Amino acid sequence: TVRVSADGGATWPNAIELYAGPSAYSDLVYLNETTAACVYERGAQGAYEEIVMTRIPLDRLAPEAVQ
């Protein structure tokens, strides 16, 4: 799950679940003004079966941040 806070971490109201199963280490980066990407490990039986990248539309995660 990717979460965002607009108040310095006091609350985390916006979230997008990337994968519901086992997962592990991730890296989150901005691709451009409208999209971020998360690279992480996931699998059906364990977290280390594959490495995937998921694009995250920033207007879904933090609508107030996208103008």
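Here's a quick rundown of the structure. All values derive from a computational prediction rather than experimental measurement.

Rules behind the numbers
- Residues numbered from 1 in each chain as written.
- Predicted model: local features only at pLDDT ≥ 70, side-chain atom pairs only at ≥ 80, totals over all residues.
- Heavy atoms only, no water.
- Pairing = 2+ DSSP bridges.
- Helix = DSSP H or I, 4+ residues; strand = E, 2+ residues; numbered from the N terminus.
- Axes fitted to C-alpha atoms, helices over the stretch in contact; angles between N-to-C directions.
- 1 Å grid on protein atoms, 1.4 Å probe; cavity = no way out; pocket = protein on both sides within 12 Å on 5 of 7 lines; lining within 4 Å.
- Points joined across faces, edges and corners; volume = space filled by probe spheres on them.
- Nonpolar A, V, L, I, M, F, W, Y, C, P; charged D, E, K, R; others polar.
- Buried < 20%, exposed > 50% of the residue type's maximum accessible area, 1.4 Å probe, protein only.
- Polar contact = N/O pair within 3.5 Å; in protein donor to acceptor, adjacent residues only side chain to side chain.

## With respect to the sheet that holds strand 5 (residues 50-57)
Taken together, the 3 strands give an open sheet; going across it, the order is 3-4-5, and neighbouring strands pair in antiparallel fashion. Only two strands of the sheet have a single neighbouring strand rather than two, namely strand 3 (23-30) and strand 5. Neighbour-to-neighbour, the strand axes of this sheet turn through a mean angle of 20°, independent of strand direction. Pairing of strand 3 with strand 4 (residues 35-42), which is carried by 6 bridges, proceeds in the antiparallel orientation. Note on strand 4: the bridge partner recorded for Leu28 is Cys38.

## Concerning the layout of surface pockets
In this structure, the largest pocket encloses a volume near 190 Å³. Surrounding the largest pocket, 11 residues form its lining, Val4, Tyr30, Ala36, Leu58 and Leu61 being those nearest its centre. Breaking the lining of the largest pocket down by element, the ones donating at least two residues are strand 1 (2-4), strand 3 and helix 1 (58-61). Residue composition of the lining of the largest pocket, by class: 10 nonpolar, no polar and 1 charged. Estimates place the volume of the second largest pocket at around 160 Å³. What lines the second largest pocket is simply Thr1, Val2, Leu18, Tyr19, Ser23, Ala24, Ser26, Asp27, Leu28, Cys38 and Tyr40. Elements that contribute at least two residues to the lining of the second largest pocket include exactly strand 3 and strand 4.

## A word on the side chain of Thr35
In this structure, Thr35 sits in strand 4. Among the residues examined, Thr35 registers a relative accessible area of 16% and is labelled buried. Reaching out from Thr35, the side chain makes a polar contact with the side chain of Thr34 at a distance of 3.3 Å.

## A look at the pairing of strand 4
The hairpin formed by strand 3 and strand 4 contains 4 residues between the paired strands. With 8 bridges joining them, strand 4 and strand 5 adopt antiparallel strand pairing. Paired with Thr35 across the bridge in strand 5 is Pro57.

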